[in-house]
Amino acid sequence: GAVVSQHPSWVICKSGTSVKIECRSLDFQATTMFWYRQFPKQSLMLMATSNEGSKATYEQGVEKDKFLINHASLTLSTLTVTSAHPEDSSFYICSARDRAGGNTIYFGEGSWLTVV
Amino acid sequence: GENVEQHPSTLSVQEGDSAVIKCTYSDSASNYFPWYKQELGKRPQLIIDIRSNVGEKKDQRIAVTLNKTAKHFSLHITETQPEDSAVYFCAASMGGSARQLTFGSGTQLTVLP
């Protein structure tokens, strides 16, 4: 199947700093990517839908100025957690839609963010 | 918006037995229903999916059934093995090309050897 790569897998940052997470579709073009947040033993909660070349669509309750999303190319979307705080610590995971492949959704490996 | 409910939250079965996980959805416009398997700290892996024009789909030990009238769909795993132990998520898409998925709350499946 198609491959979605997410980087970094683990990141520890100090409170108040910003962290960027990358999501790449390696062998298909993804006009749409999705960013999720998952707390331990909980489901995936959609944060935002990232559309190539346009602004992301954020879910209710997600601060767009805190979670900056950029989808500058058909294979790359980035999530930047700005001014991170300990409560932002979580598992962040992206997914990408393979439009040419029947619109199947593929997930990245996920990124563990710990804010200290 | 779409709401997906999933039951049970935990399920333990003996190796070789069958496991069934059920989900209901709220929006009749949903037409795509994938199931994902997620091991701790790893990405969800698509294991099977079904579209609304099909009532049942099977792939070896895994099958999914869909009842559009009742708005529920189920995952069936037969001849369970210890490596089937994981969290399973159902999801529903409201349709269209966006493929925005709404996930169920997950089921922790434990297969006892």
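Our structure is the block above this text.
What you are looking at is a predicted structure, and each value in this text was computed from that prediction instead of being measured.

Rules used throughout
Residues numbered from 1 in each chain as written. Chains lettered and ligands numbered in written order. Predicted model: local features only at pLDDT ≥ 70, side-chain atom pairs only at ≥ 80, totals over all residues. Heavy atoms only, no water. Disulfide = S-S within 2.5 Å. Helix = DSSP H or I, 4+ residues; strand = E, 2+ residues; numbered from the N terminus. Buried < 20%, exposed > 50% of the residue type's maximum accessible area, 1.4 Å probe, protein only. Polar contact = N/O pair within 3.5 Å; in protein donor to acceptor, adjacent residues only side chain to side chain. Pairing = 2+ DSSP bridges. Axes fitted to C-alpha atoms, helices over the stretch in contact; angles between N-to-C directions. Contact = heavy atoms within 4.5 Å. Buried area = accessible area lost by both parts, 1.4 Å probe. Salt bridge = Lys/Arg side-chain N within 4 Å of Asp/Glu carboxyl O. Nonpolar A, V, L, I, M, F, W, Y, C, P; charged D, E, K, R; others polar.

Overview of the state of the cysteines
Turning to step 1, where the next piece is worked out: Considering all chains together, one arrives at two disulfides over all chains under this definition.
Turning to step 2, where the next piece is worked out: The disulfide bridge from Cys-23 of chain A ends at Cys-94 of chain A, spanning 2.0 Å between sulfur atoms. On the sign convention where negative is left-handed, the bridge of Cys-23 of chain A and Cys-94 of chain A, at about 80° about the S-S bond, is right-handed. Residue Cys-23 of chain A is located in strand E3 (residues 19-25), and its partner Cys-94 of chain A is located in strand E9 (residues 90-98); the two are separated by 71 residues in the primary sequence. Per residue, the accessibility class of Cys-23 of chain A equals that of Cys-94 of chain A, and both read buried.
Turning to step 3, where the next piece is worked out: Paired through a disulfide, Cys-23 of chain B and Cys-90 of chain B show a sulfur-sulfur distance of 2.0 Å. Note on the Cys-23 of chain B and Cys-90 of chain B pair: the S-S dihedral is about -100°, so by sign convention the disulfide is left-handed. Of this pair, Cys-23 of chain B sits in strand E3 (residues 19-25) while Cys-90 of chain B sits in strand E9 (residues 86-93), and the two are 67 residues apart along the sequence.
Turning to step 4, where the next piece is worked out: On the basis of relative accessible area, Cys-23 of chain B is assigned to the buried category, the value being 0%.
Turning to step 5, where the next piece is worked out: The class of Cys-90 of chain B is buried, set by a relative accessible area of 0%.

Some details on the side chain of Thr-80 of chain B
All names here are of chain B.
Turning to step 1, where the next piece is worked out: Along the chain, the position of Thr-80 falls in the loop between strand E8 (72-77) and E9.
Turning to step 2, where the next piece is worked out: Judged by relative accessible area, which is 1%, Thr-80 ranks as buried.
Turning to step 3, where the next piece is worked out: At 3.3 Å, the side chain of Thr-80 and the backbone oxygen of Gln-14 are in polar contact.
Turning to step 4, where the next piece is worked out: A distance of 2.7 Å separates a polar atom in the side chain of Thr-80 from the backbone oxygen of Asp-17.

What about the sheet that holds strand E6 (residues 56-59) of chain B?
Residue and element names in this part refer to chain B.
Turning to step 1, where the next piece is worked out: The strand order across the open sheet built from five strands is E1-E3-E8-E7-E6, with neighbouring strands paired in antiparallel fashion. The sheet is open, and its two borders are formed by strand E1 (4-7) and E6, each paired with just one other strand. Neighbouring strand axes in the sheet, compared pairwise and without regard to direction, differ in orientation by 15° on average.
Turning to step 2, where the next piece is worked out: Across four bridges, E1 lies against E3 in antiparallel orientation. Following the sheet pairing, Gln-6 is matched in E3 by Cys-23.

Points about the interface of chain B and chain A
Turning to step 1, where the next piece is worked out: Of the residues lining the interface, 17 residues belong to chain B; the matching set on chain A comes to 22 residues.
Turning to step 2, where the next piece is worked out: Carbon and sulfur atoms make up 54% of the area that chain B and chain A hide from each other, which totals about 1600 Å².
Turning to step 3, where the next piece is worked out: Salt-bridge contacts for Glu-109 of chain A lead to Arg-43 of chain B; the nearest nitrogen and oxygen are separated by 3.6 Å.
Turning to step 4, where the next piece is worked out: Counting every contact that joins chain B to chain A gives five residue pairs in polar contact (both at pLDDT 80 or more).
Turning to step 5, where the next piece is worked out: Among the elements of the structure, strand E4 (32-38), strand E5 (45-51) and strand E10 (101-103) of chain B are those that each provide at least two residues to the side of chain B that touches chain A.
Turning to step 6, where the next piece is worked out: Classifying every residue of the side of chain B that touches chain A by side-chain character gives seven nonpolar, six polar and four charged.

Some details on the pairing of strand E11 (residues 107-112) of chain B
Residue and element names in this part refer to chain B.
Turning to step 1, where the next piece is worked out: Taking every second residue as pointing to the same face, the buried face of E11 carries Thr-107, Leu-109 and Val-111, while none of Gln-108, Thr-110 and Leu-112 on the other face is buried.
Turning to step 2, where the next piece is worked out: Of the strand pairs in this sheet, strand E2 (residues 10-14) and E11 are connected by five bridges, and their pairing is parallel. Its bridge partner being in E11, Gln-14 is matched across the sheet by Leu-112.
Turning to step 3, where the next piece is worked out: Pairing geometry for E9 and E11, over three bridges, is antiparallel. Within E11, the residue paired with Val-87 across the bridge is Gln-108.

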